[in-house]
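# Coordinates in review
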Amino acid sequence: MKKITALLCAVMLTLVSCISFRDVNETQPPIYNDLDKETNDDPVDPAGSDDEPDTPPDESGDESDSESESDSETETEPEPPVPYADTDISFMAVGDNLIHANIWMGAQAHGTAERKYDFRPMYEELVPFIEAADVAFINQETVMAGDSKYGITAYPSFNSPQQLGLDIAELGFDVVNVATNHIIDKGESGYKDFLDFMHTLPFTTIGGYYNKADHDNIRVTEVEGVKIAWLSFVEHTNVNSLPSGSEMFIPYSGEGISQWDAHVVDREFIISSVEAANQVGDIVIASLHAGSEYEHFPNKAQKEITQIMADYGVDVIIGHHSHCLQPIEWIDGVNGNKTLCIYSLGNIVSGQNAPLKLVGGIFTFRIVGDGEGGLEVVDPHLDPTIMYYDANWLNDKVYLLENYTDEIAATHGMLFHEGVSLTPAEAAAIVKGCIDAEYLPEFLQ
């Protein structure tokens, strides 16, 4: 009995011990070691808290992705470069290259056994302007159809030595206009032979065309990625005309083949030509051989033609034919555009014998980006020139007016042959009588 009682007591003591051990472990709060505190500076409520932590952990990693997306949204995309921002194209242009007998005789005097004619010395003072320009233009007044076939002839039916064309190319001219009143002085065959020769030379020839389709294939030159479309118009061809049925094409600006005829402007032809040029060019430049000879101001037909050109989008008009200087002006187009126009550059080279016919000019301007993705014409300027020859009609040379002295003027052939002087002061008065001061060098202000 005592054994049974002792055994029951032992069992009871064992059960009590087990129950007490289980209760202690189930109510023990969690323990945080120092490492846990270092990784979380905020105090932790062991019993748990109703307060939300400031920044809940994002186990998915969306937090960092969201920040990256936000940063990328706030970054501004680089703006594309403005078209033509660095464009700066320089131009120079001179007028009538009118080869009278004394001019080719002077070139022959400079010639050698290997080179019968040498025209280069007379253009010497133009060379820095040609070399500085991205594009150099000259109006070739007389044809060069072939020395032996047509003979070398002067006024009134010109045919100049073909060495002249070679020298023009060597001097560095880039664009040569041939649409003048003398273009068919040697008839249809001379016109074609002239073009054949010109197309062998390393410049762009405008104004002469084998047929209408050739004309419609508008000449385009490209500089600094800018496409320049070239047009050419001539008012008349004296009393000469192509034979009926000829395919050869002359870009007349209107009806009337003589300067004495009333000139009826061909609006349709001018407009269609300008519209076609605007389709292929970023800039359109038109050469215009028109006006009244030996008059310092444009006539009615010139004003009408140039206004049509401006209204339909020509950017620059380079005029010639009057054999004397005519004004520079900006023509307002109907669309708010402005067209730069010089109505006549005068003669650059000639053997003519009156002061106004011996004063010409080097016309310069630039094409630049306008800062808004377009192009604009800026800085028109004229450096006046004097055509010189001596008492023997030789030693022909183009002088810049600023280099033309009283001493040189005292030996000018016109003084001996006509009894008329052309001093620097007289030449300056001619220039300032038709060209506004804003376009002239400082010494003429």
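Residues numbered from 1 in each chain as written. Predicted model: local features only at pLDDT ≥ 70, side-chain atom pairs only at ≥ 80, totals over all residues. Heavy atoms only, no water.

Take the overall build of the chain next. Looking only at helices and strands, the chain has 15 helices and 16 strands in total. Evaluated residue by residue, the chain yields a buried proportion of 49% over its 445 residues. When contacts within the chain are restricted to residue pairs at least 6 apart in sequence, long-range pairs at least 24 apart make up 67% of them. Accessible surface, the chain as shown: approximately 22200 Å² in total, 52% of it carbon and sulfur. (Helix = DSSP H or I, 4+ residues; strand = E, 2+ residues; numbered from the N terminus. Buried < 20%, exposed > 50% of the residue type's maximum accessible area, 1.4 Å probe, protein only. Contact = heavy atoms within 4.5 Å. Areas by Shrake-Rupley, 256 points an atom, 1.4 Å probe, with all protein chains shown as cover.)

Next up on the list: the packing of aromatic side chains. A full pass over the atoms with the stated rule returns ten aromatic pairs. The structure contains a cluster of three or more aromatic residues connected by ring pairs, namely Phe91, Phe363 and Phe365. Sitting over the ring of Tyr294, Lys357 keeps its end group 4.2 Å from the ring centre. (Phe/Tyr/Trp six-rings, centres within 6.5 Å; stacked < 30°, edge-to-face > 60°. Lys NZ or Arg CZ within 6 Å of the ring centre and 35° of its normal.)

This part covers the side chain of Asp214. Looking at where Asp214 falls in the secondary structure, it is placed in helix H9 (residues 212-216). A residue is classified by how much of its surface remains accessible, and Asp214, at 14% relative accessible area, is buried. Within the structure, Asp214 has its side chain in polar contact with the side chain of Arg219 (distance 2.8 Å). Excluding residues that lie within four positions of it along the chain, Asp214 makes contacts with Gly208, Tyr209 and Arg219. (Polar contact = N/O pair within 3.5 Å; in protein donor to acceptor, adjacent residues only side chain to side chain.)

With respect to the secondary-structure elements, Asn403 resides in the loop between strand S16 (397-400) and helix H13 (406-409). Considered as a pair, Asn403 and Thr385 are 18 residues apart in the sequence and their alpha carbons are 9.1 Å apart. In this view, Asn403 contacts Glu125 and Ile408; residues no more than four positions away in its chain are not counted. One polar contact links Asn403 to Glu125, side chain to side chain, over a distance of 3.0 Å.

Sheet architecture is open: six strands sit in the order S5-S6-S9-S10-S12-S11, paired in mixed fashion. Of all strands in the sheet, those with a lone pairing partner are strand S5 (219-223) and strand S11 (328-332), marking the two edges. Between one strand and the next, the sheet's axes are offset by a mean angle of 25 degrees, whatever the strand orientation. One ladder, built from five bridges, connects S11 with strand S12 (residues 338-342); its direction is antiparallel. Along S12, the bridge assignment pairs Asp332 with Lys338. Sheet strands touched by helix H11 (residues 300-311): strand S6 (226-234), strand S9 (283-289), strand S10 (316-320), S11 and S12. Its angle to S11, the strand with the most contacts, is close to 55 degrees. (Pairing = 2+ DSSP bridges. Axes fitted to C-alpha atoms, helices over the stretch in contact; angles between N-to-C directions.)

On to the pattern of salt bridges. Taken as a whole and assessed by the stated rule, the structure comprises 14 salt bridges. The salt bridge partner of Arg115 is Glu170, with a shortest N-O separation of 3.2 Å. One end of the pair, Arg115, is in the loop between helix H4 (101-109) and helix H5 (127-132); the other, Glu170, is in helix H7 (residues 163-171), with 55 residues separating them in the sequence. Within this structure, Arg115, Asp118, Arg120, Asp167 and Glu170 form a network of salt bridges that share partners. (Salt bridge = Lys/Arg side-chain N within 4 Å of Asp/Glu carboxyl O.)

Turning our attention to H7. Burial runs high along H7: seven of the nine residues are buried. Residues of H7 that are buried: Gln163, Leu164, Gly165, Asp167, Ile168, Ala169 and Leu171. Next to the buried residues of H7 lie strand S1 (88-97), H5, strand S2 (135-140), strand S3 (175-177) and helix H8 (187-198). Gly172 lies just past H7 and shows a positive phi near 110 degrees.

Counted by the stated rule, this structure contains zero disulfides. Here Cys324 stays unpaired: no disulfide links it, and the sulfur of Cys434, its closest cysteine neighbor, is 7.2 Å away. Owing to a relative accessible area of 0%, Cys324 belongs among the buried residues under this scheme. (Disulfide = S-S within 2.5 Å.)

Once that is clear, we can look at the packing of helix H10 (residues 267-280) against H11. Between H10 and H11, whose axes approach to 9 Å, the crossing angle comes to 35 degrees. Read as a crossing pair, H10 and H11 show a hand that is right-handed. Within the contact between the two elements, H10 uses Arg267, Ile270 and Ile271 and H11 uses Ile305, Ile308 and Met309. Looking at the contact of H10 with H11 residue by residue, the class counts come to five nonpolar, no polar and one charged. (Left-handed = near helix turned anticlockwise from the far one by under 90°. Nonpolar A, V, L, I, M, F, W, Y, C, P; charged D, E, K, R; others polar.)

Another point: the confidence of the model for the chain. With 82% of its residues at a pLDDT of 70 or more, the chain has an overall mean of 87. Taken as a whole, residues 1-61 scores under 50 in pLDDT and shows five contacts with residues more than four places along the chain or in a different chain. (pLDDT = per-residue confidence, 0-100.)

On to the side chain of Glu235. Here Glu235 lies in the loop between S6 and strand S7 (254-255). At 12 Å, Lys300 is the nearest oppositely charged side chain to Glu235, a buried residue that forms no salt bridge. (Lys, Arg positive; Asp, Glu negative; His and termini not counted.)

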